[in-house]
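Residues per chain, in single letters:
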Amino acid sequence: MRIGVLGTGRIARKVCLTLKAMEEIECYAVASRTLEKAEAFRSELGFEKAYGSYEQMVEDPLVELVYITSPHSHHYEHMMLCLRHGKPVICEKSFTVNAEQAEIVREYSRKHGIFVAEAIWTRYMPSRQMILNIFNSGVIGEVKALSANLFYSVADKERLREPSLAGGALLDVGIYGINFALMNFGSDIVKIDSSVQKTDLGVDANNFITIHYADGRLANISSGMYCISDRQGVFYGTKGYVIVENINNPESISVYDSEHELVSKTVVPPQISGYEYEFRECVNAIREGRTESWSMPLDETVNVLRIMDGIRKDWGLKYPMEK
């Protein structure tokens, strides 16, 4: 499937190295705000076409799927541009700035029968089912709580600093912890508590979130951009616990018993980088005539954004592009 990449930033380069190694994908076109940037990207990564505007690329009839890598603040605009030209889309997280924007994209996609998916890679990885299989085995008993953290020292990045780019830790890294909780505990949520440390520009730098579930389970999630953490996810059961190394791209899953003895350690299957799973699923879904992915349906994308909207409301954090 011929892919067009919208944006030429760091994540675009990283992901495209994976795309080049995939049989399902042809790295066909790239678009940037300037032709010079697009040409440099094309030359570096071996794309066939380079466009100096996003509009030109989505008008190319040979583009079969557009991968959007622009800042959060522009995802909605760029997805709607693609959809109005009939182009299927896989868009980087956070899908949009807020749930209202995501709902508009969802309804347009469904009305016109055009595929759209959020590129939050952990939703598509085999580690997701591996964790659920451990739960279902009963080896750690009844799982009562989880914790997940994801901190990177990235406060110097403009896309994270700037309110005008929908910056802050929540939409960039906190979203992984929220998805980690929802993938494993579901969405029957009764209350969410949180605390935040803001930057001098008013976006969230570090945050701590507790999700309360109707059945009494708790999910404690933390994320930030001022420091570095171990990135672990931990599930606490009545007979033991499970440690997932790196919730942002799980590397291993270790099971411990009530005496803190290691019962088993499973390493995730070999992969190109981890990005391949989301693209493989999207290609298969489009070929089957689907308009959504099964690993990350649009209703779930909207649900995550509603949760983040509520958290930001508690913090008094509104982005300039929001009414």
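Above this text is the structure in question.
Reading guide: rules and limits
Residues numbered from 1 in each chain as written. Predicted model: local features only at pLDDT ≥ 70, side-chain atom pairs only at ≥ 80, totals over all residues. Heavy atoms only, no water. Helix = DSSP H or I, 4+ residues; strand = E, 2+ residues; numbered from the N terminus. Rg over C-alpha atoms; globule rule 2.2 N^0.38 Å. Buried < 20%, exposed > 50% of the residue type's maximum accessible area, 1.4 Å probe, protein only. Contact = heavy atoms within 4.5 Å. Lys, Arg positive; Asp, Glu negative; His and termini not counted. Charge placed at Lys NZ, Arg CZ, Asp CG, Glu CD. Polar contact = N/O pair within 3.5 Å; in protein donor to acceptor, adjacent residues only side chain to side chain. Arc of directions from axis to C-beta. Pairing = 2+ DSSP bridges. Axes fitted to C-alpha atoms, helices over the stretch in contact; angles between N-to-C directions.

A. The arrangement of the overall build of the protein in detail. Along the protein, the regular secondary structure elements total 10 helices and 14 strands. Taken over C-alpha atoms, the radius of gyration comes to 20 Å for the protein, in line with the 20 Å a tight globule of 323 residues would show. Taking the principal axes of its C-alpha atoms as reference, the protein extends roughly 60 × 45 × 40 Å. By the burial criterion, 57% of the 323 residues in the protein qualify as buried. Residue pairs in contact within the protein that sit at least 24 positions apart in sequence constitute 65% of those at least 6 positions apart. Across the protein, the 35 positively charged side chains and the 43 negatively charged ones have centroids separated by 2 Å.

B. Spotlight on the side chain of Arg123. Turning to its location among the elements, Arg123 is positioned in the loop between strand 6 (116-119) and helix 6 (127-137). Look at Arg123 and you get buried, because its relative accessible area is 3%. Among the polar contacts listed, one links the side chain of Arg123 to the side chain of Asn179, at a separation of 2.7 Å. Once residues within four sequence positions are removed from consideration, Arg123 is found in contact with Arg128, Asn179, Leu182, Met183, Ser295, Met296, Glu300 and Val304.

C. Fine view of helix 1 (residues 10-19). Buried within helix 1 we find Ala12, Val15, Cys16, Thr18 and Leu19. The buried residues of helix 1 all sit within an arc of 150° when viewed along its axis, so they share a single face. Of the residues in helix 1, the exposed ones pointing more than 90 degrees away from the buried face are Arg10 and Leu17. Each element contacted by the buried residues of helix 1 is listed here: strand 1 (2-6), strand 2 (26-31), helix 2 (35-45), strand 4 (65-68), strand 5 (89-92) and helix 9 (276-287).

D. View of the sheet that holds strand 11 (residues 233-237). Reading across the sheet, the 8 strands line up as 8-9-10-7-11-12-13-14 and stay open at both edges, with mixed pairing between neighbours. The sheet is open, and its two edges are formed by strand 8 (189-198) and strand 14 (262-267), each paired on a single side. Ignoring which end each strand starts from, the neighbouring axes of this sheet average 10° apart. Sheet analysis places strand 8 next to strand 9 (residues 204-213), joined by 9 bridges and oriented antiparallel. Paired with Lys191 across the bridge in strand 9 is His212. Strands strand 8 and strand 9 of the sheet are contacted by helix 10 (residues 298-315), whose axis makes an angle of about 50° with strand 8.

E. View of the sheet that holds strand 1. The 6 strands lie next to each other as 3-2-1-4-5-6, forming an open sheet whose pairing is parallel. The open sheet is flanked by strand 3 (49-51) and strand 6, the only strands paired with a single partner. For this sheet, the mean angle separating the axes of adjacent strands, direction not counted, is 20°. As paired strands, strand 4 and strand 5 are joined by 3 bridges and run parallel to one another. For Ile68, the partnering residue across the bridge sits in strand 5 and is Cys91. Most of the contacts of helix 1 go to strand 1, to which it runs at about 165°, and overall it touches strand 1, strand 2, strand 4 and strand 5.

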